[in-house]
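An overview of the molecular structure
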Amino acid sequence: MTSQTQTRPPIRFRGRSFLAVVLAPEAPIEDWLADLDALARRSPAFFAGRAVILDVTALAPSRDALKDLVTALNAREIPIMGIEGAGAGSLGPGMPPPLNGGRPSGEVAMPGEAPAAAPVERVTGAKSLMLESPVRSGQAILFPEGDVTVMGSVASGAEVIAGGSIHIYGALRGRAIAGAAGSPGARIFCRKFEPELLAIDGLYRTADDLDPTLRGRAVQVWLDGDSMRTAALD
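The sections below set out a description of the structure shown in this document. (Residues numbered from 1 in each chain as written. Predicted model: local features only at pLDDT ≥ 70, side-chain atom pairs only at ≥ 80, totals over all residues. Heavy atoms only, no water.)

**Side note on the overall build of the chain**
Here is the rule we go by: Secondary structure counts use DSSP, requiring at least four H or I residues in a row for a helix and at least two E residues in a row for a strand, with both numbered from the N terminus. In this scheme, a residue with accessible area under 20% of its type's maximum is buried, one over 50% is exposed, and one in between is partly exposed, where area comes from a 1.4 Å probe on protein chains only.
Along the chain, the regular secondary structure elements total two helices and 15 strands. The buried share of the chain, taken over its 234 residues, is 37%.

**Here's the deal with the pattern of salt bridges**
Side-chain pairs of opposite charge can arise where the charged atoms are in close proximity. Formally: For salt bridges, the criterion is a side-chain nitrogen of Lys or Arg within 4 Å of an Asp or Glu carboxyl oxygen.
Counted by the stated rule, this structure contains four salt bridges. Linking Asp37 and Arg76 is a salt bridge whose minimum nitrogen-to-oxygen distance equals 2.7 Å. Remark: Arg76 occurs in the loop between helix H2 (63-75) and strand E3 (82-84) and Asp37 occurs in helix H1 (residues 29-42); sequence separation between them is 39 residues. With relative accessibility at 25%, the residue Asp37 sits in the partly exposed group. Across the pair Arg173 and Glu194 runs a salt bridge whose closest N-O atoms are separated by 2.9 Å.

**As for the sheet that holds strand E8 (residues 159-162)**
Threshold: Between any two strands, pairing holds if DSSP finds at least two bridges. Axis definition: a line fitted to C-alpha atoms, over the contacting stretch in the case of helices. Angles run 0 to 180 degrees between N-to-C directions.
Strand order in the open sheet made by the five strands is E6-E8-E10-E12-E13, with mixed pairing throughout. The sheet is open, and its two edges are formed by strand E6 (140-143) and strand E13 (203-206), each paired on a single side. With direction set aside, neighbouring strand axes in the sheet form an average angle of 5 degrees. As judged from the four bridges shared by E6 and E8, these two strands associate in the parallel manner. Pairing of Ile141 across the sheet is with Val160, part of E8.

**Describing the pairing of strand E15 (residues 227-232)**
Both strand E14 (residues 219-224) and E15 contribute to a ladder of six bridges, which runs antiparallel. Residue pairing in the sheet places Trp222 in a bridge with Arg229 of E15. The turn linking E14 back onto E15 is made up of two residues, and Gly225 within it adopts a positive phi angle of 65 degrees.

**Section: the side chain of Asp55**
For clarity, the threshold we go by: Nitrogen and oxygen atoms within 3.5 Å of one another constitute a polar contact, given that in protein one can donate a hydrogen and the other can accept it, and given that sequence-neighbouring residues count only through two side-chain atoms. Contact criterion: two residues are considered in contact whenever any of their non-hydrogen atoms come within 4.5 Å of each other.
Position of Asp55 relative to the elements: it lies in strand E2 (residues 51-55). At 2.5 Å, the side chain of Asp55 and the side chain of Thr57 are in polar contact. With residues near it in sequence (within four places) discarded, Asp55 still touches Val22, Leu23, Ala24, Pro25 and Glu84.

**Some details on the pairing of strand E11 (residues 188-193)**
Side-chain positions along a regular strand alternate between the two faces of the sheet. With five bridges connecting them, strand E9 (residues 166-172) and E11 associate as parallel partners. If you follow His167 over to E11, its bridge partner there is Phe189. Pairing of E11 with E14, which is carried by three bridges, proceeds in the antiparallel orientation. Along E14, the bridge assignment pairs Cys190 with Val219.

**What to know about H2**
Quick note on the threshold: In this scheme, a helix's expected span is set at 1.5 Å multiplied by one less than its residue total.
Over its 13 residues, H2 runs 18 Å from end to end, which matches the ideal 18 Å to within 8%, given 1.5 Å per residue. Once H2 finishes, Glu77 follows within two positions and takes phi at roughly 60 degrees, a positive value.

**Structural notes on unusual backbone geometry**
A cis geometry characterises the amide bond from Ala27 onward to Pro28, with omega recorded as -5 degrees. The backbone of Ala60 shows a phi angle near 50 degrees, a positive value even though the residue is not glycine. With respect to the helices and strands, Ala60 occurs in the loop between E2 and H2.

**Focus: the environment of Gly182**
You can see Gly182 is positioned in the loop between strand E10 (175-178) and E11. Put simply, Gly182 and Ile200 are 18 residues apart on the chain and 8.6 Å apart in space, counted from C-alpha to C-alpha.

**Things to note about the environment of Met81**
Turning to its location among the elements, Met81 is positioned in the loop between H2 and E3. In sequence terms Met81 and Pro96 are 15 residues apart; their C-alpha atoms lie 5.9 Å from each other. Residues within four places of Met81 in sequence aside, it is in contact with Ala51, Val52, Ile53, Pro96 and Pro97.

From the geometry alone we can't say anything about function, so treat these as descriptive.
Quick look at the structure:
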């Protein structure tokens with residue numbers, strides 16, 4: 001009887017960066033929470049599926065005050081993944097972990113391997129960024145200075161954030177957030193409309209809130225006052 005040894009593939013380690021929303025509350029907390037509630041009423045999906053970090057540097061709260069703040073945020077369906085700026089004695093069991101020195105990361109190359117190639121980026125002007133490669137799942141592109149043009153597609157799980165408008169010459173299957181620098185006149189254009197989330201100047205719409213008849217078509221998105229409009233381009 002011949003025995004065969006089955007070799008298992010080696011364990012692989014990868015780094016992945018996610019765009020996190022940082023909440024930095026200021027005193028008085030009651031007023032800050034009221035402003036947060038006003039944002040939630042205008043954009044109910046603002047925190048949908050997002051990683052949220054709580055930066056309490058400006059507060060220097062006691063342990064009880066920090067626990068109350070985290071509880072208040074959880075009650076608003078804003079789960080906190082980590083806390084910055086808290087003293088060593090402010091965090092305890094059941095609290096989010098401390099975070100420090102956040103920075104972008106990509107795939108961690110194993111010995112003998114080269115890192116995965118990043119999307120080709122080209123600044124075409126003072127207020128324009130062009131991506132000549134698709135935006136893959138898990139990637140986040142942030143360009144608050146102006147418009148972003150993607151020559152390929154934006155995959156599900158990917159995110160493009162622009163201070164101005166967003167132009168996608170392939171399929172939009174992830175998140176597109178335009179007007180992030182406070183530009184209500186920004187627009188979103190894509191050749192194939194299959195987004196997970198859209199936003200312009202802080203007004204958000206999720207896939208469930210969008211017109212299903214536009215799915216798969218070339219579409220533009222813009223704001224009309226406090227309403228988000230969508231229309232086919234073909």
